[in-house]
Amino acid sequence: MIFDSVYDTYRGVVTYVRVVDGSLSPRERIVMMSTRAAHELLEIGVTSPEPVPTQGLGVGEVGYLITGVKDVRQSKVGDTVTNQAKPASDALGGYSDPKPMVFSGLYPIDGSDYPVLRDALDKLKLNDAALVYEPETSVALGFGFRVGYLGLLHLEIVRERLEREFNLDLISTAPNVIYDVTLEDRSVVTVTNPSEFPGGKIMEVREPVVRATILAPADYIGAIMELCQQRRGDLLGMDYLSADRVEMRYQLPLAEIVFDFFDQLKSKTRGYASLDYDVTGDQAADLVKVDILLQGEQVDAFSAIVHKDKAYAYGVMMTGKLKDLIPRQQFEVPIQAAVGARVIARETIRAIRKDVLAKCYGGDISRKRKLLEKQKEGKKRMKTIGRVDVPQEAFIAALTSQQTETKDKK
Amino acid sequence: MPPALPDGDTPPDDGALPASAAVGAQDRAFGVYLHVPFCTVRCGYCDFNTYTATELGGGASQASYAETALREIELGGRVLAGLPGRPVSTVFVGGGTPTVLPPGDLARMLDGVRSTWGLAPGAEVTTEANPDSVTPESLAALAAAGFTRVSFGMQSAVPHVLATLERTHDPARIPDVVRWAREAGLKVSLDLIYGTPGESLDDWRASVEAALATGVDHVSAYALVVEAGTKMAVQVRRGLLDLPSEDDQAAKYEVADDLLTAAGLRWYEVSNWARTDADRCHHNLAYWRGDDWWGIGPGAHSHVGGVRWWNVKHPRAYATRLEAGLSPAAGREVVAGESAQLERVMLGVRLAEGLPLEDLSASARSAVAGLVADGLLDGAAAVGARGPRRALLTRRGRLLADAVVRALTD
């Protein structure tokens, strides 16, 4: 069974295997059971820790094999290698594909970087089997990918690697989790992006839950409980590890911790708390989709799936923020947050009343013209939703800065 | 620090103009702007190119300034010799504070203009003046030298507003200086500034009423713009002064327009009102109409047939270049194509005579209907109810003129 493979510039793909049954020897013809590709074993050996060629690998042994293949995809982690002459009848169970739990959109800040981002994700995927992604377009952000991660750490790492190793500037939208929505007709829709959330009659929405273990000094129990309660957590248990150190176990919806839970936890405990979590399953919850409407026009990028009790808070927060981010237009622009057809929050951007330069200084017309040219340039970079011009920065700020925003409020 | 000069090409040392500048010159009026870069004090909001020292070193001083300026006038005579001869139809002396120079110096500079290009019959010759730097005698001397018009920097009638602006004159002098100027046979304009930090709507109303009470025939009202680098900008940044909102400025513009209109003054440019056509500032109109003018003095801007250039800013560098027989121009640009169209729209649309629709591109003409519907352009003028079809700003349009320009040049 293949458990890893790396690409060596001089030798091609080096595949690491553990022999489960039978044996492998050099110059044997082998077959990859999933792809049916046949290769000749050029070299086989063990790592100790440098690769040392051997005359074969027996049952239970761990080693490497080189077939001269250049394409990493030929040796998929979890695949079974077998002898071409007398193949094994069944492939080994392999590894189950990791299931992504957290999703977020990744968009290049510069639209022309899209192909670079695509290639970068392809390369990352080679040694990160857990990474899944599919192309996505957003009215606001253009072309990008919806990327699935195992969790928050994974999300951080992937984004960091893309930015560092591939020199990309990325916008990452607020992460969300995966929901199973059961409609009245009992069909189930899997939602990874709020814009896919079905309208109409919904019977049940299930969201993933985690079992979180928080270690912290006992002084902060109150603060932690308060935070977890806000985040719809259920206390499973609490143990004193020592006189002043406590372990708290909570069941929390994953959606509630993907965003800024950890930041909040750290700031409420002066950095002393640690968080560990495992996804344990899913639960039905009273979730709704909140849409944001600009002058009656729905903006997909701002939709979010939130708990019914928090829909109002989200609506107020988002409309308030957009009010500050969207420049005033020549007409009044209502910003509404709505659940279905019901408006739950509203802000109004008042119409701009003055947009004129009083005078040209001493006939410096070049200066005024350049200012207007700059304004026109700026307008080109805006997205027009209905008749409202929204600068790209507003989207970025509204989608990504919730973290800082909540911090500021404290 | 006064505002930076625009970026542009390097002009030739002899100041020669490209051949394109002469095209159609006989159809354009020709004016002269004379900059006097001296003040007794620098006001906190002012970012103009002006200096309070009387001696700036390197042959630049208030005493020798007229001499230096005359050299540039001579240079201008040589450069324009190749163009069709046009007498000067308007002269405007600005600053700075022109009246810190003795009337004799102003007269000598005006004589230089007269002997170099000749003054057209009935030419408008204006000087700016500080209300506290004139006397009945100095005004009579100016009139005798050939000045026909004086524009007083009244700014406000309210002491605390003048104090914030760091204007030193006594508002009680205004009626007197206006009377003296009229007795000397000069036309009078009063300049007002609105939107000063701490100015209430009533303060502003009082200022406009005080200006009207003198019976002037021309008023300019400019919104205060806090320019980067001024003392006021620093005060605003430190929180010592609160900037009025754009809404407040819009309200004050409307108050001014109401009061001035009621008193029989009509707007003829976004920030200028005059009783009759003859009372208008024709020099100012020439800027908006795209006529030619030569700007004399450090940092002065000139325009001849689509060529715009500007002089070095410091009086010392200015004097040094002229003494060496070189053009004081620091940079220039030849405005053509899209930029020229943007200038034509940006300048022309600000006038009460409107911008002929035939001067607009086809796509801009199609935007006119929308602007009329939005209440920014006058519907009757757009369909040609009186005279040719033109883009004429409504009052709302005047306050949003820059937005109109952007829409008409897309």
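Residues numbered from 1 in each chain as written. Chains lettered and ligands numbered in written order. Predicted model: local features only at pLDDT ≥ 70, side-chain atom pairs only at ≥ 80, totals over all residues. Heavy atoms only, no water.

A.B. asks: Tell me about the confidence of the model for chain A, residues and numbers included.
C.D. replies: Segments scoring low in pLDDT should not have their predicted coordinates read at a detailed level. All names here are of chain A. Scored by pLDDT, chain A comes out at a mean of 81, with 93% of its residues at no less than 70. Helix H9 (residues 402-409) is the least confidently modelled element of chain A, averaging 39 in pLDDT, while strand E18 (residues 245-253) averages 91, the highest of any element. Below a pLDDT of 50 lies the segment residues 401-410, which in the model reaches 18 contacts outside its immediate sequence neighbourhood of four places, other chains included. (pLDDT = per-residue confidence, 0-100. Helix = DSSP H or I, 4+ residues; strand = E, 2+ residues; numbered from the N terminus. Contact = heavy atoms within 4.5 Å.)

A.B. asks: So what's going on with the packing of helix H3 (residues 221-230) of chain A against helix H5 (residues 261-268) of chain A? Residues and values would help.
C.D. replies: All names here are of chain A. In contact at an axis separation of 10 Å, H3 and H5 are set at 160 degrees when each is read in the N-to-C sense. In this view, H3 runs roughly antiparallel relative to H5, as classed from their interaxial angle. The interaxial crossing formed by H3 with H5 has right-handed handedness. Counting all contacts with H3, which are made through Ala223, Ile224, Leu227 and Cys228, the residues of H5 involved are Phe261, Gln264, Leu265 and Lys268. Residues belonging to the contact of H3 with H5 are distributed by class as follows: 6 nonpolar, 1 polar and 1 charged. (Axes fitted to C-alpha atoms, helices over the stretch in contact; angles between N-to-C directions. Parallel < 35°, antiparallel > 145°, perpendicular 65-115°, else oblique. Left-handed = near helix turned anticlockwise from the far one by under 90°. Nonpolar A, V, L, I, M, F, W, Y, C, P; charged D, E, K, R; others polar.)

A.B. asks: Outline the pairing of strand E7 (residues 187-194) of chain B, supporting the account with residue identities and numerical values.
C.D. replies: Residues and elements named next belong to chain B. For E7, the tally of buried residues reaches 7 of 8 residues, placing the bulk of the element in the interior. Judged from the 6 bridges that link them, strand E6 (residues 149-155) and E7 form a sheet pairing that is parallel. Its bridge partner lying in E7, phenylalanine 152 is registered against leucine 190. Two strands pair when backbone bridges link them, and E7 and strand E8 (residues 218-223) are joined in this way by 6 bridges, in the parallel orientation. Each bridged residue has a counterpart across the sheet, and for tyrosine 194 the counterpart in E8 is alanine 223. Each parallel crossover has a hand, and for E7 linked through helix H6 (residues 201-213) to E8 it is right-handed. (Buried < 20%, exposed > 50% of the residue type's maximum accessible area, 1.4 Å probe, protein only. Pairing = 2+ DSSP bridges. Right-handed = clockwise from strand over helix to strand, strands pointing away.)

A.B. asks: Could you give an account of H5 of chain A, naming the residues involved and the relevant values?
C.D. replies: Residues and elements named next belong to chain A. Within the span of H5, buried status applies to Phe261, Gln264 and Leu265. Buried positions in H5, seen along its axis, are confined to an arc of 100 degrees and lie on one side of it. Of the residues trailing H5, arginine 270 is marked for its positive phi of about 50 degrees. (Arc of directions from axis to C-beta.)

A.B. asks: An account of the packing of aromatic side chains is requested, with residue identities and associated values reported.
C.D. replies: In the structure shown here, the tally under the stated rule is 13 aromatic pairs over all chains. Their ring planes at 20 degrees and their centres at 6.4 Å tell us that tyrosine 220 of chain A and tyrosine 272 of chain A sit as a pair that is stacked. Taken together, the residues tyrosine 220 of chain A in the loop between strand E16 (202-217) and H3 and tyrosine 272 of chain A in the loop between H5 and strand E19 (274-285) connect sequence positions 52 residues apart. By relative accessible area, tyrosine 220 of chain A is classed as buried at 13%. Judged by centre distance (6.3 Å) and plane angle (20 degrees), the rings of tyrosine 33 of chain B and phenylalanine 92 of chain B are stacked. With tyrosine 33 of chain B in strand E1 (residues 30-36) and phenylalanine 92 of chain B in strand E4 (residues 88-95), this pair connects stretches of sequence that are 59 residues apart. The class for tyrosine 33 of chain B is buried, based on a relative accessible area of 7%. (Phe/Tyr/Trp six-rings, centres within 6.5 Å; stacked < 30°, edge-to-face > 60°.)

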